[in-house]
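# Notes for the structure review
Single-letter residue listing:
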Amino acid sequence: MSARILDGVAIGEKVKSQVREAVAAMKPRVPKLVAVLVGDNPGARAYAKSQAKACEEVGIAYELRELAEGITEADLVREITTLNTDPEVTAILLTMPVPPHLDGRAAQRLIDPLKDADGVHPVNLGGVVQGRRQLAPCTALAVMEILESAEIPLKGAEVVMVGHSEIVGKPTALLLLEQLATVTVCHIGTVDLAAHTRRAEILIVAVGKAGLITADMVRPGAVVIDVGINRVPDPETGKSRIVGDVDFGPVSEIASAITPVPGGVGAVTTAMLLRNVAEAANLQETLRRI
Ligand code: NAD
């Protein structure tokens with residue numbers, strides 16, 4: 001069997017066009033996303049560039065606020081508080097990781113939950129737990145969007161989530177539970193990973209280890225969602241290339257559907273960030289009207 005490729009770029013484009021329409025309907029208001037970047041990090045700056053482009057595509061204003069590497073905790077707090085109270089700012093994201101002298105998690109908790117573009121504030125994660133979500137972590141939303149757009153039935157499905165981070169594994173597992181999937185979460189402490197993954201009708205992997213999931217660990221006909229992003233050397237070109245956590249070639253021979261890396265979950269994650277910003281604008285407008 002050769003798996004259906006779940007095209008994240010196409011799904012991301014569809015989400016973007018929905019966001020573009022939602023944003024156009026807000027006129028003359030223009031939602032604005034401010035990305036806070038502490039220190040000089042070329043990778044993060046490249047990521048910011050792609051965020052800026054994506055925002056422009058859908059009519060969201062974007063500002064990258066670059067703060068000095070040595071900024072104090074107090075100044076970072078002040079910066080976030082100012083953004084929280086600025087009526088021109090719809091959504092805020094703090095680029096992670098921050099330099100080691102700062103507590104990134106604590107700083108994220110200071111972001112107004114209604115402006116939380118990444119959907120990682122405890123209030124928003126609490127909403128995910130309660131099944132009353134407003135803003136939610138973008139990558140978890142991306143996984144759900146891919147499964148929905150591929151029309152994969154979730155109720156009663158045997159799902160294995162590999163990875164239990166706060167931004168991917170845990171919220172994805174909770175969103176799947178909400179849809180009445182039977183969810184097993186595996187992680188670094190799991191004793192026999194393959195015994196679990198082989199049972200999965202839907203296998204989602206978010207670890208950050210190239211080649212972790214080999215074909216013998218996958219149930220024939222499974223749907224495989226690869227969240228991992230790993231930079232590995234390409235023996236043919238001598239340069240580096242991006243791969244996921246799943247051994248794509250052999251696994252796509254036995255899976256029924258699979259996301260590629262790149263061009264899978266990552267492309268949808270950016271679109272979900274835009275959707276969160278539009279959602280934040282709507283939530284704030286609703287509050288203003290009350
Ligand atoms: P993390 O480091 O916070 O979590 C890694 C998880 O993997 C942990 O739960 C850990 O217990 C588990 N793990 C580690 N080794 C394992 C093993 N041998 N067996 C089973 N579980 C193991 O990472 P994260 O932030 O959740 O990101 C995971 C991967 O997803 C990374 O490659 C990251 O770059 C990628 N990512 C992609 C997107 C996207 O949009 N595509 C977004 C976020 C993260």
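Residues numbered from 1 in each chain as written. Predicted model: local features only at pLDDT ≥ 70, side-chain atom pairs only at ≥ 80, totals over all residues. Heavy atoms only, no water.

Check the secondary structure of the protein and you find 10 helices and 11 strands. The principal-axis extents of the C-alpha atoms in the protein amount to approximately 55 × 45 × 35 Å. Here the protein holds 290 residues, and 48% of them are scored as buried. Taking all contacts inside the protein whose residues are at least 6 apart in sequence as the whole, residues at least 24 apart take part in 69%. When the accessible surface of the protein is split by element, carbon and sulfur atoms take 55% of a total near 13,900 Å². (Helix = DSSP H or I, 4+ residues; strand = E, 2+ residues; numbered from the N terminus. Buried < 20%, exposed > 50% of the residue type's maximum accessible area, 1.4 Å probe, protein only. Contact = heavy atoms within 4.5 Å. Areas by Shrake-Rupley, 256 points an atom, 1.4 Å probe, with all protein chains shown as cover.)

It is worth spelling out the nonpolar core at this point. Formed by 51 residues in total, the largest nonpolar core has its most connected members in Leu33, Ile60, Leu147, Ile202, Ile204 and Ile225. Broken down by element, this core gets its largest block of residues, 9 residues, from helix H10 (residues 265-289). Split by domain, the residues of this core number at least three in each of domain 1 (26-113) and domain 2 (137-267). The residues contacting leucine 33, other than those within four sequence positions of it, are Cys55, Ile60, Ala61, Tyr62, Glu63, Ala91, Ile92, Leu93, Ala117, Leu273 and Val277. Counting 18 residues, the second-largest nonpolar core is a separate cluster that includes Ala3, Val218, Ala255 and Ile258. (Core = buried A, V, L, I, M, F, W, Y, C linked by side-chain atoms within 4.5 Å. Domains from an automatic or database assignment.)

Neighbouring the ligand are 21 residues, the closest being His164, Ser165, Ile188, Ile229 and Thr269. Within the contact set of the ligand, an oxygen atom lies 2.9 Å away from a side-chain nitrogen or oxygen of threonine 269. The fraction of the free accessible surface of the ligand (860 Å²) that becomes covered by protein chains is 73%. Here the shell around the ligand gets 3 residues from one element, more than from any other, and that element is H10. For the shell around the ligand, the per-class residue count stands at 11 nonpolar, 9 polar and 1 charged. (Near = heavy atom within 4 Å. Polar contact = N/O pair within 3.5 Å; in protein donor to acceptor, adjacent residues only side chain to side chain. Nonpolar A, V, L, I, M, F, W, Y, C, P; charged D, E, K, R; others polar.)

The next point concerns the pattern of salt bridges. Tallying each qualifying case throughout the model produces 17 salt bridges. With its nearest N and O atoms 2.9 Å apart, the salt bridge here joins lysine 32 to glutamate 63. Of the two residues, lysine 32 is situated in strand E2 (residues 32-38) and glutamate 63 in strand E3 (residues 61-67); the sequence distance between them amounts to 31 residues. A salt bridge links arginine 199 to glutamate 158; the nearest nitrogen and oxygen atoms lie 3.0 Å apart. Separated by 41 residues along the polypeptide, arginine 199 in the loop between helix H8 (193-197) and strand E7 (202-205) and glutamate 158 in strand E5 (residues 158-162) bring together distant segments of the chain. Take arginine 199: its relative accessible area is 32%, and that puts it in the partly exposed class. Three or more residues are tied together by salt bridges with common partners; here these are Glu13, Lys16, Lys53 and Glu57. (Salt bridge = Lys/Arg side-chain N within 4 Å of Asp/Glu carboxyl O.)

With that settled, the discussion passes to the domain arrangement of the protein. How big an interface is tends to be expressed through the accessible area that disappears when the partners come together. When the domains of the protein are assigned, the result is domain 1 (26-113) and domain 2 (137-267). Between the C-alpha centres of domain 1 and domain 2 there is a distance of 29 Å.

Assignment of secondary structure puts alanine 107 in helix H4 (residues 104-110). Taking C-alpha positions, alanine 107 is 8.4 Å from glutamate 73, a pair spaced 34 residues apart along the chain. Every residue in contact with alanine 107, bar those within four places of it in the chain, is listed here: Leu76, Ile80 and Leu94.

It is worth spelling out the sheet that holds E5 at this point. Read across the sheet, 6 strands follow the order E1-E11-E8-E7-E5-E6 without closing on themselves; strand pairing throughout is parallel. Since the sheet does not close on itself, it has two edges, and those belong to strand E1 (4-5) and strand E6 (182-186), each with one partner. As paired elements, E1 and strand E11 (residues 257-258) share 2 bridges and run parallel to each other. Looking across to E11, one finds that isoleucine 5 is bridged to isoleucine 258. Across the face of the sheet, helix H6 (residues 138-149) comes into contact with E7 and strand E8 (223-226) while running at roughly 150° to E8. Sheet contacts for helix H7 (residues 169-178): E5, E6 and E7; angle to E6, the most-contacted strand, approximately 170°. (Pairing = 2+ DSSP bridges. Axes fitted to C-alpha atoms, helices over the stretch in contact; angles between N-to-C directions.)

Take the sheet that holds strand E4 (residues 91-94) next. Judged by pairing direction, the sheet is parallel, and its 3 strands sit side by side in the order E3-E2-E4 without closing on themselves. Each edge of the sheet is formed by a strand with only one pairing partner; in this case those strands are E3 and E4. When strand polarity is set aside, the average angle formed by the axes of neighbouring strands in this sheet is 20°.

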